[in-house]
Structures are given as C-alpha cells and as structure tokens.
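Chain by chain, the residues:
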Amino acid sequence: GMGSTILSSGIAAAISIVLGLIVALPGQSSNRWLRLINRVYVEFIRSIPLLPMLFWVFYGLPIVFRSMGLNIPIDPFWGAIITLALSDSAFTAEIYRSGIQSIARGQTEAAQTIGLTYTQTMRYVVLPQAIRRILPPLANQFIYIVKMSAFASVIGMQELTRRANELVVTEYRP
C-alpha cells in the first residue's frame, strides 16, 4: 500500500508541476483573454471537491469516451493520478503565479531593456529567481497530494489506507 501511495503521489505531483506551469504562464500575459482562461480554469478546478472529481474521472470519463466511440477504461491507479494531478495543478498554478509576481518588476524591465523576449525573460530571469520562492509551497503540495491519495481507496485503488483497513478487518487488530 505504501508503495502505490508514494508512486501515485509522485507521478501526480510531477504532472501537476508541469501542468501548473502551463496554466500559470498565460495568467501572466498581457493578453486579457489568456488571463481570463487562466482564472476560469484555476477557480473552477479549485472549487470542485476532490471526491466528486475522483468519481467523475473514474466513472464518468469512460462513459464520455464510449459516447465518442472509444472504449478506454480507466484503471483505479491512473484514475487517482489523473484526478490528483488535475486538482493539484490549479493550486500549483497559483503557487507559480505568486512566485512569479514576487519577483521585482525591475528584473523584468531590465530583461526587456537588453532585448530579451517574454519567453526569454521568463526562462532566464524570472523563473530561476522564482523557483527559490516556489519550492517550499510545492513541497507542501506534495504532502497534500499524499494525504489526498487516501480518497483513491473509494474507487478500489490498493493504497495505504485501503490496505490498512483490510488488515484491520482480517486481523481484528486496529
């Protein structure tokens, strides 16, 4: 149980870190529509409780796939990973946003003055400085993912909580 909990949490954390960055960067754009899409995604995903999202991914997504003519069942392990990564990506995007916004505006202006593009400014100036401020909250998010992985037991994933419950039932020793 411990192995599947750590493995699923690690994979979900890795996916949410990448997805969170993809979601956060448009939110820093000067384009109003990109910022709006970012806000809608973050606020929508953050407002959905994890358990209903887990049920929707595990039970609802295969139905959607079948309606499109695809027969793609979702394994409990991957259903948990998808749900945890999707849920955590919105929180991670906010961590990136706050880390990026914490960098002094003068850093961005200096990068633009020497002719760096927006992408180069983010890659070479802003993100390297923001990473130091982002790492502690990202560690907290990993702990959050490990804790929330216990919800995966309701869809049949053999994670730590479920295995512990099975031992209590069979051994009669909580």
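Treat the numbers as computed from the prediction; the structure is a model and nothing was measured.

A. Molecular detail of the layout of surface pockets. In this model, the largest pocket occupies a volume close to 230 Å³. What lines the largest pocket is simply Gln 28, Ile 100, Gln 101, Ile 103, Arg 105, Thr 108, Gln 112, Tyr 118, Thr 121, Met 122 and Val 126. Of all the secondary structure elements, the ones that give two or more residues to the lining of the largest pocket are α4 (76–101), α5 (105–113) and α6 (118–148).

B. Structural context of a nonpolar patch on the surface. A cluster of nonpolar side chains, Trp 56, Val 64, Met 68, Leu 70 and Ile 72, forms an exposed patch at the surface whose accessible area comes to about 470 Å². Within the secondary structure, Trp 56 sits in helix α3 (residues 50–67).

C. Structural view of the nonpolar core. Counting 14 residues, the largest nonpolar core has Ala 93, Tyr 96, Ile 100, Val 126, Ile 134 and Leu 138 as its most contacted members. Elements with a contribution of two residues or more to this core: α1 (2–27), α4 and α6. With 6 residues, the single largest contributor to this core is α6. Counting residues in each nonpolar core, the second largest holds 9 residues, with Ile 81, Leu 84, Ile 145 and Met 148 among its members.

D. Structural detail: the side chain of Thr 108. Along the polypeptide, Thr 108 turns up in helix α5. Residue contacts for Thr 108: discarding those within four places in its chain leaves Thr 121 and Val 126.

E. Highlighting empty space enclosed by the protein. Applying the stated criterion across every chain, the model contains 1 cavity of 30 Å³ or more. By volume, the largest cavity amounts to about 40 Å³. The wall of the largest cavity is formed by Leu 50, Leu 54, Ala 80, Thr 83, Leu 84, Met 148, Ser 149, Phe 151 and Ala 152. Of all the secondary-structure elements, those providing two or more residues to the lining of the largest cavity are α3 and α4. In terms of residue count, the dominant contributor to the lining of the largest cavity is α4 (3 residues). Here the residues of the lining of the largest cavity sort into 7 nonpolar, 2 polar and no charged.

F. Representation of α6 in the model. When the terminal C-alpha atoms of α6 are compared, their 36 Å separation across 31 residues is substantially less than the 45 Å that a helix rising 1.5 Å per residue should span. The largest bend along α6 reaches roughly 45° and is located at Val 126, with the proline Pro 128 sitting one to four residues downstream. Thr 121, Met 122, Val 125, Val 126, Leu 127, Ala 130, Ile 134, Leu 138, Gln 141, Ile 145 and Met 148 are the residues of α6 that are buried. The inward-facing, buried residues of α6 abut α1, α3, α4 and α5.

G. A look at the packing of aromatic side chains. Applying the stated criterion to the full structure yields 4 aromatic pairs. Between Phe 55 and Tyr 59, the ring centres sit 5.9 Å apart and the planes meet at 35°, which makes this aromatic pair tilted. Remark: Tyr 59 and Phe 55 occur in helix α3; sequence separation between them is 4 residues, near one turn of the helix. In this arrangement the basic side chain of Arg 32 is found over the ring face of Trp 33, its NZ or CZ atom lying 5.0 Å from the centre.

Thresholds applied
Residues numbered from 1 in each chain as written. Predicted model: local features only at pLDDT ≥ 70, side-chain atom pairs only at ≥ 80, totals over all residues. Heavy atoms only, no water. 1 Å grid on protein atoms, 1.4 Å probe; cavity = no way out; pocket = protein on both sides within 12 Å on 5 of 7 lines; lining within 4 Å. Points joined across faces, edges and corners; volume = space filled by probe spheres on them. Helix = DSSP H or I, 4+ residues; strand = E, 2+ residues; numbered from the N terminus. Patch = residues over 30% accessible without salt bridge, like charges linked within 9 Å, V, L, I, M, F, W, Y side chains within 5 Å. Areas by Shrake-Rupley, 256 points an atom, 1.4 Å probe, with all protein chains shown as cover. Salt bridge = Lys/Arg side-chain N within 4 Å of Asp/Glu carboxyl O. Core = buried A, V, L, I, M, F, W, Y, C linked by side-chain atoms within 4.5 Å. Buried < 20%, exposed > 50% of the residue type's maximum accessible area, 1.4 Å probe, protein only. Contact = heavy atoms within 4.5 Å. Nonpolar A, V, L, I, M, F, W, Y, C, P; charged D, E, K, R; others polar. Expected span 1.5 Å × (residues − 1). Bend = angle between axes of the 7 residues up to and from the residue. Phe/Tyr/Trp six-rings, centres within 6.5 Å; stacked < 30°, edge-to-face > 60°. Lys NZ or Arg CZ within 6 Å of the ring centre and 35° of its normal.

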